[in-house]
Amino acid sequence: MNTYKPRPKELATEYLESYILENNLKAHDRLPPERELSQMWNLNRVTLRSAIASMEAAGRLYSVQGRGTMVAPRFVRTLQNLESFTKYASHYEAKSETRLLSFSKVECDKHLSQRFQRMLGEKLYRISRLRILDGVPIMIENAFIPCDLAPGLEEHDLVKGSLFAVLERSYGLIMDHGEEKASITAATAEEAEYLEIKPDSPAFWIVSTTRTPDDVVVEYCRTVARVDVVEMSSVLRWDYAGGADHE
Amino acid sequence: MSDANYKSPLYIQLREVIRSKIEDGEYPVGTAIPSESQLAETYDLNPLSVRSALSALKYEGLLRSVQGKGVFVNGPKAERDLETLGGYRQTMDERSIAAHTRVLLKALRPAGPYYSRLLDLEEDDSLWFTRRIDYMDNEPVALEEIYIPEKILPSYGDVDIELFSIYDIFTWNGLRPTDADQTLRVLFLEPSRAKLINLTADQAVMELSNLTRDAKGQKIEFTRNYVRPDKTEFFTHYAKE
């Protein structure tokens, strides 16, 4: 059988990743100086530098002149849950902030009417919010909610409070289950400005539909998220016929 | 943000015009849409606005450029269900899309500092390392890098993984993958790897990584799948806990 010898740069990357794991380095924690690392791992400094550069390009590390190389902040968004942004931020001990970009009423176009299974022209609230963690704008959420399900929604505070909590408490709408699709888009000039990235740079494009226990579509949401600081996670479970193995 | 009105920048309005022509079937799947200069003339826009409108739709996978031929409407994406069993092959086979994979490299390597930590091994333990390309309708759609501890699948080296899925091989060895931690990222590949799936280094890819466990909680596989964003989207269901 063939054997494969990792190339020096690959190996350098593996050393760096393992260092971060082993020392449980968090966002903004600093790596030891290059000289020290190259001695510790017996790696050529040029190779090490090139591995660091690639990890910077991938959003894993960042460098500040005179301060060294640090672990870049990354926020993991869990696909399969319905928790609020504030609660989400608390996992990171991050300061969360929400800016209401717009709140308006729109009519169902063909696409929206299919999503909601409603007639063309029915009224929807459209709520556009920018989510910020520790001062870093991470995503823009554009939520659509049928006006007749939540009349007077504009009276509620959707900046400090959670939208789903308002829907449950004030309108008795329980957000129970839904589905989500993730793909890539190019940030428009407007999105890029809010997210503080370059126009046309790639962004996550996440579309979700959330329903009540009896399957009424309450919210349809289109999210544009930064890819340099956001990653998404999920747990895949194999569903065997006759039930999963329990040992 | 997809909804446009007459106050929206012209390139966004044009983007939505093209999108609805695709949805309405006026621009059918597999055919070329009017050229950039024709679009610029029809709507009296400058070529830059036309290009911006098209570039967003290419990113979404609705359109794709074919060198020297024009801009075409893409066919439906192969949905990859995050919650169903099986790997890529199973998903694609189920949907009967002509799929095959080509193995570029299949070899033993030492687990080394990182993969030993990730997969609960010693640094000197051996790993099967596989690099392969997945094709759909003869087009490369994903670059896969697969790491499997040798002690988990000693016979892996003998199996033709262009014909059988790794999931099959696990099953043959009495292993049942039960759950996997998955992470989805967007990143840029180095030019040499991007080229393998017909992308340039300035085109982003989606990376799905999977750390898979069996019923005993033993880590049996780590994969990184670099997927062309215009070919696949990731789909999942969620429910209140």
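For clarity, every value in this text was computed on a predicted model and none was experimentally measured.

1. Some thoughts on the overall build of chain A
Then, in step 1: Check the secondary structure of chain A and you find seven helices and 10 strands.
Then, in step 2: Computed over its C-alpha atoms, the radius of gyration of chain A comes to 22 Å, more than 25% above the 18 Å expected for a compact globule of 247 residues.
Then, in step 3: Based on the C-alpha atoms only, the size of chain A along its principal axes is roughly 65 × 50 × 30 Å.
Then, in step 4: Counting every position in chain A, which comprises 247 residues, the buried fraction comes to 49%.
Then, in step 5: The long-range fraction of contacts in chain A, counting pairs at least 24 apart against all pairs at least 6 apart in sequence, stands at 58%.
Then, in step 6: Summed over all atoms, the accessible surface of chain A reaches about 12300 Å², with 49% contributed by carbon and sulfur.
Then, in step 7: Side chains of chain A give 31 positive and 37 negative charges; the mean places of these two sets differ by 5 Å.

2. Focus on the interface of chain B and chain A
The extent of an interface is frequently quoted as the accessible surface area lost upon association of the parts.
Then, in step 1: On the side of chain A, 64 residues touch chain B, which itself brings 62 residues to the contact.
Then, in step 2: Buried surface at the junction of chain B and chain A, both sides included, amounts to about 5900 Å², of which 56% is carbon and sulfur.
Then, in step 3: If you look at where chain B meets chain A, you find four salt bridges.
Then, in step 4: For Glu22(A), the salt bridge identified is with Arg117(B), shortest N-O distance 3.2 Å.
Then, in step 5: At the junction of chain B with chain A, the criterion picks out eight residue pairs in polar contact (both at pLDDT 80 or more).
Then, in step 6: Here the element with the most residues in the side of chain B that touches chain A is strand S7 (residues 177-187) of chain B; it accounts for 10 residues.
Then, in step 7: Split by residue class, the side of chain B that touches chain A holds 32 nonpolar, 11 polar and 19 charged.
Then, in step 8: Alignment of strand S7 (residues 177-186) of chain A against strand S10 (residues 232-239) of chain B, held across six bridges, turns out to be antiparallel. Note on S10(B): the bridge partner recorded for Glu179(A) is His237(B).

3. A look at the side chain of Asp179(B)
Then, in step 1: Turning to its location among the elements, Asp179(B) is positioned in strand S7.
Then, in step 2: Polar side-chain contacts of Asp179(B) include one of 3.4 Å to the side chain of Thr178(B).

4. Points about unusual backbone geometry
Then, in step 1: Even without glycine at this site, Asp200(A) takes up a positive phi of about 75°.
Then, in step 2: Inspection of the secondary structure puts Asp200(A) in the loop between helix H7 (189-195) and strand S8 (202-211).
Then, in step 3: Here the phi dihedral of Asp120(B) falls at roughly 55°; this positive angle occurs in a residue that is not glycine.
Then, in step 4: Tracing the sequence through the fold places Asp120(B) in the loop between helix H5 (112-118) and strand S5 (126-136).
Then, in step 5: Classification of Asp120(B) by relative accessible area gives exposed; the value is 51%.

5. Some words on the packing of helix H1 (residues 8-22) of chain A against helix H2 (residues 34-41) of chain A
Residues and elements named next belong to chain A.
Then, in step 1: Interhelical geometry of H1 versus H2 gives an angle of 105° and a closest axis separation of 11 Å. Of the possible angle classes, the one that applies to H1 and H2 is roughly perpendicular. The segment H1 lies against H2, with Tyr15, Leu16 and Tyr19 engaging Leu37, Met40 and Trp41.

6. What about the packing of helix H1 (residues 10-23) of chain B against helix H3 (residues 47-59) of chain B?
For any two helices packed against each other, one specifies the crossing angle of their axes together with the interaxial distance.
All names here are of chain B.
Then, in step 1: Remark: H1 packs on H3, axes separated minimally by 8 Å, with the N-to-C direction vectors making an angle of 50°. In terms of their interaxial angle, H1 and H3 are classed as oblique. Crossing of H1 against H3: the hand is right-handed. Of H3, the residues touching H1 (which contributes Tyr11, Leu14, Arg15, Ile18 and Arg19) are Ser49, Val50, Ser52, Ala53, Leu54, Ala56 and Leu57.
Then, in step 2: Of the residues assigned to the contact of H1 with H3, the class counts are eight nonpolar, two polar and two charged.

7. With respect to the packing of aromatic side chains
Then, in step 1: Summed over the entire model, instances satisfying the criterion amount to 12 aromatic pairs over all chains.
Then, in step 2: Ring plane angle 85° and centroid distance 6.3 Å describe the contact between Phe116(A) and Tyr220(A), whose orientation is recorded as edge-to-face. Remark: Tyr220(A) occurs in strand S9 (residues 217-226) and Phe116(A) occurs in helix H5 (residues 110-116); sequence separation between them is 104 residues.
Then, in step 3: Using a relative accessible area of 5% as the deciding quantity, one classes Phe116(A) as buried.
Then, in step 4: Classification of Tyr220(A) as buried rests on a relative accessible area of 1%.
Then, in step 5: An aromatic cluster is defined as three or more aromatic residues linked by ring pairs; in this entry it consists of Tyr4(A), Tyr114(B), Tyr115(B), Phe129(B), Tyr147(B) and Phe222(B).

8. Describing the domain arrangement of chain A
Then, in step 1: For chain A, the domain assignment lists domain 1 (8-71) and domain 2 (75-233).
Then, in step 2: Computed over C-alpha atoms only, the centres of domain 1 of chain A and domain 2 of chain A are separated by 36 Å.

Calculation criteria
Residues numbered from 1 in each chain as written. Chains lettered and ligands numbered in written order. Predicted model: local features only at pLDDT ≥ 70, side-chain atom pairs only at ≥ 80, totals over all residues. Heavy atoms only, no water. Helix = DSSP H or I, 4+ residues; strand = E, 2+ residues; numbered from the N terminus. Rg over C-alpha atoms; globule rule 2.2 N^0.38 Å. Buried < 20%, exposed > 50% of the residue type's maximum accessible area, 1.4 Å probe, protein only. Contact = heavy atoms within 4.5 Å. Areas by Shrake-Rupley, 256 points an atom, 1.4 Å probe, with all protein chains shown as cover. Lys, Arg positive; Asp, Glu negative; His and termini not counted. Charge placed at Lys NZ, Arg CZ, Asp CG, Glu CD. Buried area = accessible area lost by both parts, 1.4 Å probe. Salt bridge = Lys/Arg side-chain N within 4 Å of Asp/Glu carboxyl O. Polar contact = N/O pair within 3.5 Å; in protein donor to acceptor, adjacent residues only side chain to side chain. Nonpolar A, V, L, I, M, F, W, Y, C, P; charged D, E, K, R; others polar. Pairing = 2+ DSSP bridges. Axes fitted to C-alpha atoms, helices over the stretch in contact; angles between N-to-C directions. Parallel < 35°, antiparallel > 145°, perpendicular 65-115°, else oblique. Left-handed = near helix turned anticlockwise from the far one by under 90°. Phe/Tyr/Trp six-rings, centres within 6.5 Å; stacked < 30°, edge-to-face > 60°. Domains from an automatic or database assignment.

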